[in-house]
Amino acid sequence: MSSSSPKISFEGASKQFDVRGNSTLALQPISFDVKKEEFVALVGPSGCGKSTVLNLISGLFQPTEGKVFYDGELIRNLNRRVGYMTQKDTVLPWRKTAENVRIALELKCRNVGRKEAAERTAQMIDLVGLKGFEKHYPGELSGGMRKRVALARTLIYEPETLLMDEPFGALDAQLRLIMLDQLQKLTSQRRMTVVFVTHDLAEAITLADRVIVLSARPGRIRSITEITLPRPRDVFKVRFSEAFATLHETLWDELKDEVVKGTDV
Amino acid sequence: MAHSSLGIILFRIIVLTLAIAAWQFAPFGRGMELWVSRPFLILARLWEWVDDGSLWPHLFATGSEMIIGYLLGCASAIWLGLVLGMLPKLNRVLAPFLAAFYAMPKIALAPLFVIFFGIGLESKVALVWITVFFLVFNNTLDGVRDVDRDLIQVLRIMGARRSEIVRKILLPSAAPWIFTGMRIAVRYAFTSALLAELMAANRGLGFLIEYHSGSFDTTGAYAAILVIVILSVGITEILSRIENSAGRGR
Amino acid sequence: MTIHQPTTEAFQQSQSKHRRANDGVAATQVLLAAALLAIWETAGRYLNSSWISRPSKVAEQIWTWIQGDLLTHIAVTGSEMLIGLSIGISLGVISGILLGRSGLLAIVMRPIVVTLYSVPMVSLAPLFIMFFGVDMMPKIVLVSIVVFFLIFFNTFAGVSKVDNDLVAVIELMGASPREQFQKIIFPSCMSWIMAGIKIALPYALVAAVTGEMIASRQGLGSIITRAASRFDMTALYAVLLILMVMGLLVSEFASRLEKWVLRWRGADE
């Protein structure tokens, strides 16, 4: 099992944005840990600060108050040990699919030979179901396909921690399940720590070891729930189990509460 | 923030002063000085022109060539652009002919205009006119093409006459394109007036440059260029202010 | 300050819509051209005025030139363009990137560059001729400067408009600043650079011809001035025609170059 010191640690970390004299509190001070090799899902209504949490872990933002630790060290600049799949489409439009996917392997810091890079690229493209589209430009792909390119691009260099911000929202139900399955297999195989943001509760429960529910803006942790479903989970069938249904009901009540609060304001 | 921008302005002034001082006082010999001249000499020459009034006819010449050519060019371009915009079939037929003319360096027409119209104002106005015309025309066409065809149909069914359609739909929606074209065209009007004068003229700022360069009078040439620089910067400033206030009104 | 923005997909789509021309249009155009030429020819023959000339004489003139030294003249103008373009584009891109990345340098240099940019460089042609003589050099300098400003501003704009999120993604993956530049910043401003190049190509032709018209022994511009001074209208019309063709070729080339370099900007539905 994983050792006791957490991979990621939030200690009273909050985030406030000051834009032209107006300040918005995006995230109230929150504290939680993510254990090594754990799969944590973050759910919450729109605007609750889920993406901000990921940005804090990646080092793109610095907390206004409090501290964020990675592997016991304070995160001071960009955290290169995480792979971040953002909500925004950041696929490079001037590169074909294969070129986009292999970009991480082109970097000197990784020292990967061309042949190996080509093999791994082909593997990844196959994994995300884009075989045959290697030579397409992003402009020729649908939104969902571009998301899959971004996924392949992030997974290919096997970062020790994975941050994902609503990666499967644009995919149809079938494809989504397939991707969830692939993700689960890959992350457990490679022993990755994952922080997964989604608004789809079923997705969260299917994949996660723990589900953190954030409150409406400005976000704070409303609850942390342990998902005791046995592993390995059959992504396609697990949602029909009773245990799943109970978990879903409980969490859904909490989530619904926050969503309503958010819209009241 | 304010502190650093003051610092920047100060820094620029210092750099500028140093540069001008270096130019003025650098110890190069007469040979070099003939080529590069000195700031004070240039300013003195400019003052001479202002003082004895010899600058104004040239300024006036270039200015009037610009303005007349610009107005004629814009008017004809907007009119033709609207007409062709509403007759897409005719537009398509004429398109390659117009494109061919547009691709030709208009400056090459300058001697032709001089032969036909003489060395005076008319030939320069002609060049400015044709340069401005193509620019504004293209923009007007784009603006008209941008209009929602369905909207025009609806109004036509309602019984609107052509002039009403033009006034109420075409012009307002093509207006931003037209204005953009008109703004860009100001610079081109200035440039083509100068170029036309370079070719053959006996008046104007372009003429001044050509005249003084031709007689290797560098100081005179630089003085003329200084006037052009001042005018250019002035025009650019005015244009960007118009652009800003137009943007704000949106 | 006009920065020439890259074409948008909407514009490209409208272009292709208009390109769905049927043969009816092409036929009308051919007929129209033929008719105009016919009118010109008959008028020319009937009036027999050297002012108007006629297509047959113009064609004859061009043919004579081709057998003579027309190609040399075209080569001269072309070389002035090419060399000037190479210099202008390389310097423009380098300066644009340097100033675009270094906030400090940009702030300091900005007013100088803006002032210089607002001056129509082509009007300074006599100055360059005074400095460099009547051969190719002053035209090359002129073309270089004109091209430089265009490319510089576009590159500068492109660099400043780079999507920082793209840079952040690659930085997170472990890219060094050099790799960030190579893989993200530079390709990202290519749209802007290409838009600048597309405008700069025809401008190079204008600058070269202008310089030649003021003073030159060779080049297309020199043919114009010689013809004009002799009041040789046929020759004048002939050169204009040649310049029209050259202008079209240059524009077409520029347009295709942009499309090829930016081929990833395809139509997306």
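Model, not experiment: these values are computed from the prediction. (Residues numbered from 1 in each chain as written. Chains lettered and ligands numbered in written order. Predicted model: local features only at pLDDT ≥ 70, side-chain atom pairs only at ≥ 80, totals over all residues.)

1. Section: the overall build of chain A
Here is step 1: Along chain A, the regular secondary structure elements total eight helices and 10 strands.
Here is step 2: In terms of overall dimensions, chain A is globule-like: its C-alpha atoms have a radius of gyration of 19 Å, near the 18 Å expected for 265 residues.
Here is step 3: The principal-axis extents of the C-alpha atoms in chain A amount to approximately 50 × 45 × 40 Å.
Here is step 4: For chain A, the proportion of its 265 residues judged to be buried stands at 45%. (Helix = DSSP H or I, 4+ residues; strand = E, 2+ residues; numbered from the N terminus. Rg over C-alpha atoms; globule rule 2.2 N^0.38 Å. Buried ≥ 20, exposed ≤ 12 C-beta atoms within 10 Å, placed from the backbone.)

2. Focus: the overall build of chain C
Here is step 1: For chain C, the count of helices and strands is 11 helices and zero strands.
Here is step 2: Overall, chain C shows an N-to-C arrangement of helices and strands of α-α-α-α-α-α-α-α-α-α-α.
Here is step 3: Scored against the burial criterion, the 269 residues of chain C give a buried share of 44%.
Here is step 4: For chain C, contacts bridging at least 24 residues in sequence account for 76% of all contacts bridging at least 6. (Contact = placed C-beta atoms within 7 Å.)

3. Some remarks on the sheet that holds strand S7 (residues 161-165) of chain A
All names here are of chain A.
Here is step 1: Strands sit in the order S6-S7-S8-S3-S9-S10 across an open sheet of six strands; the sheet is mixed. The open sheet terminates on both sides in strands that have one partner only, identified here as strand S6 (82-85) and strand S10 (221-226). Averaged over all adjacent pairs, the angle separating strand axes in this sheet is 15 degrees, with direction ignored.
Here is step 2: Judged from the five bridges that link them, S7 and strand S8 (residues 193-197) form a sheet pairing that is parallel. Bridge assignment links Thr-161 to a residue of S8, and that residue is Thr-193. (Pairing = 2+ DSSP bridges. Axes fitted to C-alpha atoms, helices over the stretch in contact; angles between N-to-C directions.)

4. So, the interface of chain C and chain A
Here is step 1: Between chain C and chain A, the contact holds 18 residues from the first and 21 residues from the second.
Here is step 2: Residue assignment for the side of chain C that touches chain A shows that the elements contributing at least two residues are helix H8 (164-172) and helix H9 (177-214) of chain C.
Here is step 3: Per-element accounting of the side of chain C that touches chain A gives the leading share, six residues, to H8 of chain C.
Here is step 4: Here the side of chain C that touches chain A is composed, by residue class, of nine nonpolar, three polar and six charged. (Nonpolar A, V, L, I, M, F, W, Y, C, P; charged D, E, K, R; others polar.)

5. Some remarks on the sheet that holds strand S1 (residues 8-19) of chain A
All names here are of chain A.
Here is step 1: Strand order in the open sheet made by the four strands is S2-S1-S4-S5, with antiparallel pairing throughout. With one partner strand each, in any of the chains shown, strand S2 (22-34) and strand S5 (73-74) form the two edges of the open sheet.
Here is step 2: Across two bridges, the pairing between strand S4 (residues 65-70) and S5 is antiparallel. Looking at the pairing, Phe-69 lines up with Leu-74 of S5.
Here is step 3: Strands in contact with helix H1 (residues 50-58) are S1, S2 and S4; relative to S1, the strand with the most contacts, it is inclined by about 110 degrees.

6. Let's talk about the packing of helix H4 (residues 70-101) of chain C against H9 of chain C
Residues and elements named next belong to chain C.
Here is step 1: In the contact formed by H4 and H9, the axes pass within 9 Å of each other and the chain directions differ by 140 degrees. On the basis of the axis angle, H4 is oblique to H9. Along this stretch, H4 crosses H9, giving a crossing that reads as right-handed. Residue-level contacts link Thr-77, Glu-80, Met-81, Gly-84, Leu-85, Gly-88, Ile-89 and Val-93 of H4 to Ile-193, Ile-197, Ala-200, Ala-204, Leu-205, Ala-208, Val-209 and Glu-212 of H9. (Parallel < 35°, antiparallel > 145°, perpendicular 65-115°, else oblique. Left-handed = near helix turned anticlockwise from the far one by under 90°.)

7. Topic: the interface of chain B and chain C
Put simply, an interface is often sized by how much accessible area is lost when its parts join up.
Here is step 1: Counting residues at the interface gives 36 residues for chain B and 42 residues for chain C.
Here is step 2: Of all the secondary structure elements, the ones that give two or more residues to the side of chain B that touches chain C are helix H1 (2-25), helix H5 (88-103), helix H6 (110-117), helix H9 (162-199), helix H10 (205-214) and helix H11 (218-248) of chain B.
Here is step 3: Classifying every residue of the side of chain B that touches chain C by side-chain character gives 26 nonpolar, six polar and four charged.

8. Considerations on the arrangement of the chains
Here is step 1: With two pairs of chains in contact, the largest contact count belongs to chains B and C.
Here is step 2: In this structure chain A stays clear of chain B, and the shortest span between their C-alpha atoms is 13 Å.

9. Structural notes on the pairing of strand S3 (residues 39-43) of chain A
Residue and element names in this part refer to chain A.
Here is step 1: Among the five residues of S3, five are classified as buried, and the element is accordingly described as predominantly covered.
Here is step 2: Side-chain alternation along S3 places Phe-39, Ala-41 and Val-43 on one buried face and Val-40 and Leu-42 on a second face that is also buried.
Here is step 3: Here S3 runs beside S8; their pairing, made up of four bridges, is parallel. From the neighbouring strand, Leu-42 faces S8, where its bridge partner is Val-197.
Here is step 4: The sheet contact formed by S3 and strand S9 (residues 210-214) spans four bridges and is parallel. Looking across to S9, one finds that Val-43 is bridged to Val-213.

10. Thoughts on the pairing of S10 of chain A
Residues and elements named next belong to chain A.
Here is step 1: Note: S9 against S10, five bridges, orientation antiparallel. Bridging across to S10, Leu-214 finds its partner in Ile-221.
Here is step 2: Hairpin geometry of S9 and S10 is characterised by an intervening segment of six residues between the two adjacent antiparallel strands.

11. Quick word on the nonpolar core
Nonpolar side chains in soluble globular proteins generally cluster together in the buried interior.
Here is step 1: By size, the foremost hydrophobic cluster in this structure holds 208 residues, and its most contacted members are Phe-196 of chain A, Val-132 and Val-136 of chain B together with Val-146, Val-147, Ala-204 and Val-239 of chain C.
Here is step 2: The element that contributes the greatest number of residues to this core is H9 of chain C, accounting for 19 residues.
Here is step 3: For Val-136 of chain B, the residues in contact, after removing those within four places along its chain, are Gly-73, Cys-74, Ala-77, Ile-78, Ile-178, Gly-181, Met-182 and Ala-185 of chain B. (Core = buried A, V, L, I, M, F, W, Y, C linked by C-beta atoms within 7 Å.)

12. So, the environment of Asp-146 of chain B
Residues and elements named next belong to chain B.
Here is step 1: Assignment of secondary structure puts Asp-146 in the loop between helix H7 (121-145) and helix H8 (149-157).
Here is step 2: Separated by 60 residues in sequence, Asp-146 and Gly-206 place their C-alpha atoms 39 Å apart.
Here is step 3: Residues contacting Asp-146, with those up to four places away along its chain left out, are Ser-173, Ala-174 and Trp-177.

13. Here's the deal with H9 of chain B
Here is step 1: In this model, H9 of chain B (38 residues) spans only 44 Å end to end at C-alpha, well below the 56 Å of a helix rising 1.5 Å per residue.
Here is step 2: Approximately 50 degrees is the largest bend angle found in H9 of chain B, and it occurs at Ala-175 of chain B, with the proline Pro-176 of chain B only one to four residues beyond. (Expected span 1.5 Å × (residues − 1). Bend = angle between axes of the 7 residues up to and from the residue.)

14. Comments concerning the environment of Glu-116 of chain A
Here is step 1: With respect to the secondary-structure elements, Glu-116 of chain A resides in helix H4 (residues 114-127).
Here is step 2: Separated by 11 residues in the primary sequence, Glu-116 of chain A and Leu-105 of chain A have C-alpha atoms spaced 9.2 Å apart.

15. Looking at the packing of H9 of chain C against helix H11 (residues 233-261) of chain C
All names here are of chain C.
Here is step 1: One way to put it is that H9 packs onto H11 with a least axis distance of 9 Å and a crossing angle of 165 degrees. As judged from the angle between their axes, H9 and H11 are roughly antiparallel. Remark: the crossing between H9 and H11 carries right-handed chirality. Contacts between H9 and H11 involve Met-190, Met-194, Ile-197, Lys-198, Leu-201, Pro-202, Leu-205 and Val-209 from the first element and Leu-243, Met-246, Gly-247, Val-250, Ser-251, Phe-253, Ala-254, Ser-255, Glu-258 and Val-261 from the second.
Here is step 2: Classifying every residue of the contact of H9 with H11 gives 13 nonpolar, three polar and two charged.

16. A look at unusual backbone geometry
All names here are of chain A.
Here is step 1: Cis peptide bonds are those with omega within 30 degrees of zero, and the linkage from Arg-217 to Pro-218 qualifies with -5 degrees.
Here is step 2: Topologically, Pro-218 is positioned in the loop between S9 and S10.
Here is step 3: That bond from Arg-231 to Pro-232 is cis: its omega, -5 degrees, falls within 30 degrees of zero.
Here is step 4: Positive phi is not limited to glycine here, since Glu-166 has a value of about 45 degrees.
Here is step 5: With respect to the element layout, Glu-166 can be found in the loop between S7 and helix H6 (173-189).

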